[in-house]
There are 2 protein chains.
Amino acid sequence: MALPHATSGQLIDIRPLGSRITTSVSNALFKTPQLELMRLVLPRGKGMPEHSVPGAVTIQCLEGAIELHAHQQTQTVKAGELVYLAGGEPHALHALEDSSVLLTLLLQPH
Amino acid sequence: MALPHATSGQLIDIRPLGSRITTSVSNALFKTPQLELMRLVLPRGKGMPEHSVPGAVTIQCLEGAIELHAHQQTQTVKAGELVYLAGGEPHALHALEDSSVLLTLLLQPH
């Protein structure tokens, strides 16, 4: 997927996709050397297998509901809820409903 | 306001406050050495005068509508919209309605 460069001051729409969710795909919102934002679109039953990223991340459910497995526990994250995960923490996602999720990733300088 | 230390994996509620907005105040959601999240509660007509912060920031309107002045322009940011601002960029906020806003600040290592 394309990774457009962020423009400081640019308005980004992260409203729920609603009925458009079934025809939408995950997309990068912007990326700078420090920060990356993307919207994951996860149809019910889909997810991401366990993985980790070097930097801290926040996982915000924009619509639907997902199961987040991290720190040896599974919790449901619903629309309007957010979880912070420390860098390097393994985690997996599983959509309980058609869901979209805002991921905010802190990138680490090389 | 208290700045609780983040717990990785902790669920944070950022749903709209709705009618509770008039009795709510801004609060820190969490803070780590790299990242700070807070919810600003801005009653209609209130705001923040022009200021800047060292690190990059995202400003997400959770409910209501705010005017954001940055980069020599004023734009309206409504519920479900987000703006990224580069570190050091002067900006000011003004609430057009009773609003709450999620601020995500990248902190810079000292």
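Everything below is about the structure shown above.
Reading the values: the criteria
- Residues numbered from 1 in each chain as written.
- Chains lettered and ligands numbered in written order.
- Predicted model: local features only at pLDDT ≥ 70, side-chain atom pairs only at ≥ 80, totals over all residues.
- Heavy atoms only, no water.
- Pairing = 2+ DSSP bridges.
- Helix = DSSP H or I, 4+ residues; strand = E, 2+ residues; numbered from the N terminus.
- Axes fitted to C-alpha atoms, helices over the stretch in contact; angles between N-to-C directions.
- 1 Å grid on protein atoms, 1.4 Å probe; cavity = no way out; pocket = protein on both sides within 12 Å on 5 of 7 lines; lining within 4 Å.
- Points joined across faces, edges and corners; volume = space filled by probe spheres on them.
- Nonpolar A, V, L, I, M, F, W, Y, C, P; charged D, E, K, R; others polar.
- Least-squares fit on C-alpha atoms with pLDDT ≥ 70 in both.
- Buried < 20%, exposed > 50% of the residue type's maximum accessible area, 1.4 Å probe, protein only.

J.: When you look at the sheet that holds strand 4 (residues 47–51) of chain B in this model, what are you seeing that I'm missing?
T.: Adjacent strands of a sheet pair through backbone hydrogen bonds, lying either parallel or antiparallel. Residues and elements named next belong to chain B. Taken together, four strands build an open sheet; the order of strands is 4-9-6-7 and the sheet is antiparallel. With one partner strand each, in any of the chains shown, strand 4 and strand 7 (73–78) form the two edges of the open sheet. Taking the axes of each pair of neighbouring strands and ignoring which way they run, one obtains an average angle of 20° across the sheet. Inspection of the sheet shows strand 6 (residues 65–70) paired to strand 9 (residues 91–95) by five bridges, in the antiparallel sense. Note that in strand 9 the partner of Leu68 across the bridge is Leu93.

J.: Sorry if this is basic, but what is going on with empty space enclosed by the protein here?
T.: Gaps between atoms show up when a probe of the same size as a water molecule is rolled over them. Taken as a whole, this structure holds one cavity of 30 Å³ or more when the rule is applied. Computed from the structure, the largest cavity encloses a volume of approximately 60 Å³. Lining the largest cavity are Leu37(A), Thr58(A), Gln60(A), Leu82(A), Leu102(A), Thr104(A), Leu37(B), Thr58(B), Gln60(B), Leu82(B), Leu102(B) and Thr104(B). Secondary-structure elements contributing two or more residues to the lining of the largest cavity are strand 5 (57–63) and strand 10 (99–106) of chain A together with strand 5 (57–63) and strand 10 (99–106) of chain B.

J.: What's the story with the layout of surface pockets in this structure? I'm lost.
T.: In this structure, the second largest pocket spans a volume of roughly 220 Å³. What lines the second largest pocket is a set of 15 residues, among which Gln60(A), Leu62(A), Gly80(A), Gln60(B) and Leu62(B) lie closest to the centre. Among the secondary structure elements, those contributing two or more residues to the lining of the second largest pocket are strand 5 of chain A together with strand 5 of chain B. For the lining of the second largest pocket, the class distribution of residues is 10 nonpolar, four polar and one charged.

J.: I tried to follow the relation of the copies chain B and chain A on my own but got confused; where do I start?
T.: Taken together, a rotation about one axis and a shift along it account for how the two chain copies relate. For the match of chain B to chain A, the screw axis carries a shift of 0.0 Å, the RMSD comes to 0.0 Å, and the turn is 180°. Both copies of the chain, as the preceding transformation shows, are related through a two-fold rotation axis. Minimal C-alpha distance to the rotation axis in chain B is attained by Leu106(B), lying at 4.1 Å.

J.: Just to check I follow, could you spell out the pairing of strand 5 of chain B for this structure?
T.: If a strand is regular, its side chains alternate between the two faces of the sheet. All names here are of chain B. Counted residue by residue, strand 5 has seven buried out of seven residues, so it is predominantly covered. The pairing of strand 5 with strand 8 (residues 81–85) spans four bridges and is antiparallel. When the sheet's bridge partners are listed, Val57 is paired in strand 8 with Leu85. Bridge count between strand 5 and strand 10: six bridges; the pairing is antiparallel. When the sheet's bridge partners are listed, Ile59 is paired in strand 10 with Leu103.

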